Amino acid sequence: MIVVTGATGQVGGELVRLLAAAGERVTALSRRTVSFPEGVRHSAGDLAEPASLKPALDGADALFLLVAGEDPRAVLGEAVAGGIRRVVLLSSQGAGTRPHAYGHPVAFEQAVRESGLEWTILRPGGFDSNALAWAEPIRAHRTAAAPFGDVALPVIDPADIAEVAAAVLRQDGHGGRTYELTGPEPVTPRRRAAAIGGALGTEVRFVEQTEEEARAQMSRFMPAPVVEGTLAILGTPTAAERRVSPDVERLLGRAPRTFADWAARNVAAFR
Ligand SMILES: NC(=O)c1ccc[n+]([C@@H]2O[C@H](COP(=O)([O-])OP(=O)(O)OC[C@H]3O[C@@H](n4cnc5c(N)ncnc54)[C@H](OP(=O)(O)O)[C@@H]3O)[C@@H](O)[C@H]2O)c1
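Computed from a predicted model, the values in this text were never measured in an experiment.

Digging into the site of the ligand
Then, number 1: Close to the ligand lie 23 residues, the nearest being T8, R31, D46, L47 and N130.
Then, number 2: Between an oxygen atom of the ligand and a main-chain N or O atom of G9, the distance comes to 3.0 Å.
Then, number 3: The contact in question runs from an oxygen atom of the ligand to an N or O atom on the backbone of Q10, over 2.9 Å.
Then, number 4: Across the complex, the protein chains shield 75% of the 900 Å² of accessible surface that the ligand would expose by itself.
Then, number 5: Here the residues of the shell around the ligand are counted per class, giving 9 nonpolar, 11 polar and 3 charged.

Quick word on the layout of surface pockets
Then, number 1: The calculated volume of the second largest pocket comes to roughly 250 Å³.
Then, number 2: What lines the second largest pocket is a set of 18 residues, and nearest its centre among them are G9, Q10, G13, E14 and R17.
Then, number 3: Elements that contribute at least two residues to the lining of the second largest pocket include exactly α1 (10–21), α7 (158–170) and α13 (259–265).
Then, number 4: Looking at the lining of the second largest pocket residue by residue, the classes come out as 8 nonpolar, 6 polar and 4 charged.

Focus: the side chain of D160
Then, number 1: Inspection of the secondary structure assignment puts D160 in helix α7.
Then, number 2: Residue contacts for D160: discarding those within four places in its chain leaves L252, R254, P256 and R257.

Rules behind the numbers
By convention here, each chain's residues receive numbers from 1 onward along its written sequence. A pLDDT threshold of at least 70 governs which residues receive local features in this predicted model, and a stricter bar of 80 or more applies before side-chain atom pairs are shown or counted, although totals over entire chains, interfaces and linings include all residues. Side-chain metrics in this entry use all non-hydrogen atoms of the structure; hydrogen atoms and water are not considered. By convention in these notes, a residue is near a molecule or strand provided one of its non-hydrogen atoms lies within 4 Å of it. Any pair of N or O atoms that falls within 3.5 Å is considered a polar contact. Within protein, one atom must be able to donate a hydrogen and the other to accept it, and sequence-neighbouring residues count only if both atoms are side-chain atoms. Per-residue accessibility takes into account occlusion by the displayed protein chains alone, with areas from the Shrake-Rupley method and a 1.4 Å probe. Any residue outside Ala, Val, Leu, Ile, Met, Phe, Trp, Tyr, Cys, Pro, Asp, Glu, Lys and Arg is labelled polar, Gly included; the first ten of those are nonpolar and the last four are charged. Cavities and pockets are found on a 1 Å grid laid over the protein atoms alone: a cavity is a set of points where a 1.4 Å probe fits but cannot escape, a pocket is an open set with protein on both sides within 12 Å along at least five of seven lines, and a lining residue has an atom within 4 Å of such a point. Grid points are joined across faces, edges and corners, and a volume is the space filled by probe spheres set on the points. Helix numbering and strand numbering both begin at the N terminus, where a helix is a DSSP run of H or I of at least 4 residues and a strand a DSSP run of E of at least 2. Here a residue-residue contact requires only that any non-hydrogen atoms of the pair lie within 4.5 Å.

By themselves these figures say nothing about function.
Next comes the structure, spelled out in structure tokens:
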């Protein structure tokens, strides 16, 4: 049995589908309930309340773990008590490149490494699906606003992260590894907006936000250090943050999907 946290999210939702299609027994864990593929067990649980994970973890073999809640050690303790042997953590590129700003994923990484379980850490860069923040303004007036419109980063398709996670959960040989996950090429926000326009068959106007406007918007849903870390990555990325990692291709035997591919598959959100 494989337990997938974040099962209602961009990565976890696709991971549940992939594992179920591969014939694995899957428990989808989330606070909200949505419809899951046939045969998938749903378990209500909250990573902020580690004891609530017991029913999902009891008797399971592997865990796909998201960074959420404040006590990663207690979460890993429940995993060990439940009999989990393998844990795959969805961390963040920032845990490696800007550990002071990304203390939350850093703490989860440390707890996973010290858990005694076989562990693998996935460190993705920014997701293609962050462009869903443009869905409403693009639907309403065909505009997309972001700061640093001409700074290119190798954003990644969450479906590729899910495919990597499925491989690492199902195959041996990934214990003790940390994988950096990126898309196939650096793409600027301006080009991402244009790619959505291309998928829609109409022009999407890109509006450059000031750093202050972006800070105010991000502060509504992110803690201050993460806002500053994210703005720094978006505006003045380091060489490591701009670099295309070979890990997705090594693990999947194919190049990562492009942003244009993500836009084409998700065009309905922008219509
Ligand atoms: N977006 C990026 O650019 C980026 C980059 C690097 C790393 N990441 C990491 O990737 C993770 C997943 O991203 P995503 O885009 O798949 O997220 P998403 O679509 O926003 O979904 C977040 C998921 O987290 C679950 N969740 C949140 N708090 C929880 C809690 N206390 N207990 C249990 N489940 C909880 C939600 O489930 P319910 O609400 O249904 O419980 C949902 O399934 C992020 O959390 C972040 O750590 C993201």
